Amino acid sequence: MQAVVSHGDASSPAELYWETKLPNTPMPKPIQDFLPEAVPLGRGAKLFHESGGMLKSRTFLYKNAATPEEIAASNSDIFFYEDQLKPGNKLRVRFSTTSRHVKFLPAKLTDTLPLSSKDLPQTLARLAITPTSAAAKEMSDTVEDCEAPKAYGDNDEKCVASLEEMIDFSIEKLGQHIQIMPSSVERNDKAVQEYTIEELGVRRFAGDRTVACHAKSFAYPTFICHASSTTRAYIVPLLGADGNKVTSLVACHADTVKWNPDNLAFKLLKEKPGNVTVCHFLPDR
């Protein structure tokens, strides 16, 4: 196995934690991009507040109802059926990568900034974020999502604010032998275009349990991680109409009974909860 790449001469605490907990699993580049340079703990909050604003969420929560704006803006195959994952099939998608200005905070610091509505005023103050600002509103919405009743049981979903928390949650749900396959995008799409699933074929991940962590809008990297035994994961090679090559992860959710009946997936597919397996691409980061 290739060794994890370190920043500079010494690994960060998060890298060392990864190497200790997952010694045979190379760290994928999308996670490496979240690693900070060596920064004294006391400067952490200031650094992350100044380094590029909010980390935006690009996911739809299954417990949420679709807004009219989301429905009107949906001009691509955001959701699709599992039987569409065959070589030669076409899907309309827009793929892009995102430069990460925000970086993981040290776990010792995030431990003092709980993701709770009770502690949010203190967190905003420590990060010098105005409570009435748009950024504060997005952070409040994320905390509300983290505190909301879980879709598949309290033990299967967790909000994490450090790489160490993400590793611990994944190991708790999957064990030490974890297979990680990040997506790759050759170049950013300027608009939605037609992609063809390549003849190399679709490959399903081994195992019957998956963990997916989606970025949430916050002042520093925060993710909502879902563990599931009813989600099938695939790696899908695609070729765009303009020649762009993409290797993307796809999640197919077999159990949608508890999803909001007005969720965007059902609005676009014209289906009802429990009647269909819902698939979607996962962003590269």
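For every chain, the first residue of its written sequence is number 1, and the numbers climb from 1 along that sequence. pLDDT decides what is reported in this predicted model: residues at 70 or higher carry local features, side-chain atom pairs at 80 or more are listed and counted, and totals for whole chains, interfaces and linings draw on all residues regardless. Excluded from the side-chain calculation are hydrogens and water; included are all heavy atoms of the structure.

Identification of the protein chain as BURP domain-containing protein from Kalanchoe fedtschenkoi is taken from an unreviewed UniProt entry.

Q: What am I meant to see in the overall build of the protein chain here?
A: On a plain count of helices and strands, the protein chain comes out with 9 helices and 10 strands. Accessible area is worked out with a 1.4 Å probe on protein chains only. A residue is then buried under 20% of its type maximum, exposed over 50%, and partly exposed in between. Within the protein chain, the fraction of its 285 residues that count as buried is 45%. A total accessible area of about 14600 Å² is found for the protein chain, and carbon and sulfur atoms account for 53% of it. Secondary structure elements follow DSSP: runs of H or I no shorter than four residues count as helices, runs of E no shorter than two count as strands, and numbering proceeds from the N terminus. Residue-level accessible areas treat just the shown protein chains as cover; the underlying method is Shrake-Rupley with a 1.4 Å probe.

Q: So what exactly am I meant to see when it comes to the packing of helix α1 (residues 13-21) against helix α8 (residues 163-174) here?
A: Each pair of packed helices can be summarised by the angle the axes make with each other and by the distance between the axes. Interhelical geometry of α1 versus α8 gives an angle of 15° and a closest axis separation of 9 Å. Taken together, the axes of α1 and α8 lie roughly parallel to each other. The chirality of how α1 crosses α8 is right-handed. Judged by residue contacts, Pro13, Ala14, Tyr17, Trp18 and Lys21 of α1 engage Leu163, Glu164, Ile167, Asp168 and Ile171 from α8. Three classes are used, and their members are as follows: Ala, Val, Leu, Ile, Met, Phe, Trp, Tyr, Cys and Pro are nonpolar, Asp, Glu, Lys and Arg are charged, and the others, Gly among them, are polar. Here the residues of the contact of α1 with α8 are counted per class, giving 7 nonpolar, no polar and 3 charged. Angles run from 0 to 180 degrees between N-to-C directions of axes, and those axes are lines fitted to C-alpha atoms, restricted for helices to the stretch in contact. By definition in this entry, angles of less than 35 degrees are roughly parallel, angles greater than 145 are roughly antiparallel, angles of 65 to 115 are roughly perpendicular, and the rest are oblique. A crossing counts as left-handed when the near helix is turned anticlockwise from the far one by less than a right angle, and as right-handed when that turn is clockwise. Every residue pair with non-hydrogen atoms within 4.5 Å of one another is taken to be in contact.

Q: How do you make sense of the sheet that holds strand β2 (residues 157-160) when you look at a structure like this?
A: Remark on secondary structure: sheet strands pair via backbone hydrogen bonds, oriented parallel or antiparallel. Following DSSP output, two strands are said to pair if at least two bridges run between them. As summarised here, the arrangement of the 3 strands in space is β2-β7-β6, forming an open sheet in which the pairing is antiparallel. The sheet is open, and its two borders are formed by β2 and β6 (210-216), each paired with just one other strand. Strand-to-strand twist of the sheet, defined as the mean angle between neighbouring strand axes without regard to direction, takes the value 20°.

Q: Just checking my understanding: could you explain the state of the cysteines for this structure?
A: Between two cysteines, a covalent bond joining their sulfur atoms is known as a disulfide. Disulfide: a pair of cysteine sulfur atoms within 2.5 Å of each other. Following the criterion strictly, the structure yields 3 disulfides and no others. The disulfide bridge from Cys146 ends at Cys159, spanning 2.0 Å between sulfur atoms. The chirality of the disulfide connecting Cys146 with Cys159 is left-handed, given an S-S dihedral of about -95°. One end of the pair, Cys146, is in helix α7 (residues 134-147); the other, Cys159, is in strand β2, with 13 residues separating them in the sequence. For Cys146, a relative accessible area of 11% translates into the label buried. Residue classification places Cys159 among the buried residues on the basis of a relative accessible area of 13%. Note on cysteine connectivity: Cys213 is disulfide-linked to Cys225, with sulfurs 2.0 Å apart. On the sign convention where negative means left-handed, the S-S torsion of about 110° between Cys213 and Cys225 marks this disulfide as right-handed. Here Cys225 lies in strand β7 (residues 222-228) and Cys213 lies in strand β6, a separation of 12 residues in the sequence. Owing to a relative accessible area of 27%, Cys213 belongs among the partly exposed residues under this scheme.

Q: Hey, could you run me through the nonpolar core in this one?
A: Soluble globular proteins: nonpolar side chains tend toward being buried together. Core analysis: the biggest nonpolar cluster contains 19 residues, and Trp18, Leu163, Met166 and Phe223 have the highest contact counts within it. Those elements that provide at least two residues to this core are α1, α8 and β7. For this core, the element with the most residues is α8, which contributes 5 residues. Discounting chain neighbours no more than four positions away, the residues touching Phe223 are Phe34, Phe104, Lys158, Cys159, Val160, Met166, Cys213, His214, Ala215 and Lys216. Grouping buried Ala, Val, Leu, Ile, Met, Phe, Trp, Tyr and Cys residues that are joined through side-chain atoms within 4.5 Å yields what is termed a nonpolar core. Counting residues in each nonpolar core, the second largest holds 18 residues, with Leu109, Leu124, Ala136 and Phe218 among its members.

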